Amino acid sequence: MPLATNRLSGNVFFRCVEDSNDAIMLTDAAGILTYVNPAWSQIYGFSKGEAVGKTPGILHSGQQNPDFYKAMWARIRNPKYGNWKGELVNKTKEGVLVPVLLTITPFLSETGEEISGYMGIASDLSYHRELEAKVAHQDRLASIGLLASGLAHEIGTPMGVIRGRAEFLMMKSPDPT
């Protein structure tokens, strides 16, 4: 059954954006922030009032160079693609680096003829990066354990032979007393 009215669908879409766990921002065609959802404010530390009217450049961390952003915007503006999705590192108001998976999509005016603005959706990858670091650390520890067990075997085998021969010689030698 289709949604009963546009009013209902508009409210549902707004609630979905407001309640999303992903950071969502909207800009006008010039790239000025016009909206950020609560998750965006929570992740980056800027209130809606501090963000609206600025550019997303307030999140630039310096981890990506200007050529990265030029290529990103060239892809977004290319009608063949019309969007961009990739990983980058943003910076919070407090200066904390946040790795994100970012998708930027232009949205059209009501006539559908020109770009009215852009929507960015960022998924925080911090937790995933922490898990990856833990797994890598555990892999290194497992490798060290494997190396140590192999080394112990390599040392233990010749030592066993030496000990066995020493015991044999002690049994063959006459008792000094």
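Preceding this paragraph is the structure being described.
Here we summarise the structure given alongside this text. The structure presented is a predicted model; accordingly, all values stated were derived computationally and were not measured.

**A short note on the overall build of the protein**
Alright, step 1. Helices and strands together make up the secondary structure of the protein, namely five helices and five strands.
Alright, step 2. Along the protein, helices and strands appear, N-terminal first, in the series α-β-β-α-α-α-β-β-β-α.
Alright, step 3. Counting all 177 residues of the protein, 23% fall into the buried class.
Alright, step 4. Within the protein, residue pairs in contact and separated by at least 24 positions form 38% of the contacts whose partners lie at least 6 positions apart.
Alright, step 5. By element, 61% of the accessible surface of the protein is carried by carbon and sulfur atoms, the whole surface being about 12,400 Å².

**Description of the pairing of strand β5 (residues 115-124)**
On a regular strand, one side chain projects to one face of the sheet and the next to the other, so that they alternate.
Alright, step 1. Of the strand pairs in this sheet, strand β1 (residues 23-28) and β5 are connected by six bridges, and their pairing is antiparallel. Across the sheet, residue T27 finds its bridge partner in β5, namely Y118.
Alright, step 2. Bridge count between strand β4 (residues 97-108) and β5: nine bridges; the pairing is antiparallel. Counterpart to L108 in the pairing with β5 is I115.
Alright, step 3. Here β4 folds back onto β5 in antiparallel fashion, the turn holding six residues, of which G112 has a positive phi close to 75 degrees.

**Examining the nonpolar core**
Among soluble globular proteins, nonpolar side chains are generally buried collectively.
Alright, step 1. Counting residues in hydrophobic clusters, the biggest one holds 21 residues, and the most contacted among them are W40, Y44, V100 and L102.
Alright, step 2. When residues of this core are traced back to their parent elements, those giving at least two are β1, β2 (33-36), α2 (38-44), α4 (66-77), β3 (84-91), β4 and β5.
Alright, step 3. Contacts of V100, omitting those with residues within four sequence positions, involve Y44, G86, E87, L88, N90, A122, S123, D124 and L125.

**Considering the packing of aromatic side chains**
Alright, step 1. Tallied over the entire structure, the rule returns five aromatic pairs.
Alright, step 2. A centroid spacing of 5.3 Å and a plane angle of 90 degrees characterise the contact between F68 and Y69, whose relative ring orientation is edge-to-face.
Alright, step 3. Owing to a relative accessible area of 25%, F68 belongs among the partly exposed residues under this scheme.
Alright, step 4. Seen from the ring of Y81, R75 lies directly overhead, with NZ or CZ sitting 3.9 Å from the centre.

**Examining the pairing of β1**
Alright, step 1. Summarising the sheet, β1 and β2 pair through three bridges and their orientation is antiparallel. By the bridge assignment for β2, T27 is matched with L33.
Alright, step 2. Taking the residues that link successive antiparallel strands as the turn, the β1-β2 hairpin has four residues, and the phi of G31 there is positive, at about 90 degrees.

**Some points on α4**
Alright, step 1. Between the first and last C-alpha of α4 there are 17 Å, a value that for 12 residues agrees with the 16 Å anticipated at 1.5 Å per step.
Alright, step 2. Every buried residue of α4 is accounted for by Y69, M72 and I76. The arc that holds every buried residue of α4, seen down its axis, measures 60 degrees, which confines them to one face. Of the exposed residues in α4, the ones pointing more than 90 degrees away from its buried face are D67, K70 and R77.
Alright, step 3. Each element contacted by the buried residues of α4 is listed here: β3, β4 and β5.

**A closer look at the side chain of Q64**
Alright, step 1. In this structure, Q64 sits in the loop between α3 (48-51) and α4.
Alright, step 2. A polar contact of 3.1 Å, which involves the side chain of Q64, links it to the side chain of Y69.
Alright, step 3. Among the polar contacts listed, one links the side chain of Q64 to the backbone nitrogen of V89, at a separation of 2.8 Å.
Alright, step 4. Residues contacting Q64, with those up to four places away along its chain left out, are Y69, L88 and V89.

Conventions used here
- Residues numbered from 1 in each chain as written.
- Predicted model: local features only at pLDDT ≥ 70, side-chain atom pairs only at ≥ 80, totals over all residues.
- Heavy atoms only, no water.
- Helix = DSSP H or I, 4+ residues; strand = E, 2+ residues; numbered from the N terminus.
- Buried < 20%, exposed > 50% of the residue type's maximum accessible area, 1.4 Å probe, protein only.
- Contact = heavy atoms within 4.5 Å.
- Areas by Shrake-Rupley, 256 points an atom, 1.4 Å probe, with all protein chains shown as cover.
- Pairing = 2+ DSSP bridges.
- Core = buried A, V, L, I, M, F, W, Y, C linked by side-chain atoms within 4.5 Å.
- Phe/Tyr/Trp six-rings, centres within 6.5 Å; stacked < 30°, edge-to-face > 60°.
- Lys NZ or Arg CZ within 6 Å of the ring centre and 35° of its normal.
- Expected span 1.5 Å × (residues − 1).
- Arc of directions from axis to C-beta.
- Polar contact = N/O pair within 3.5 Å; in protein donor to acceptor, adjacent residues only side chain to side chain.

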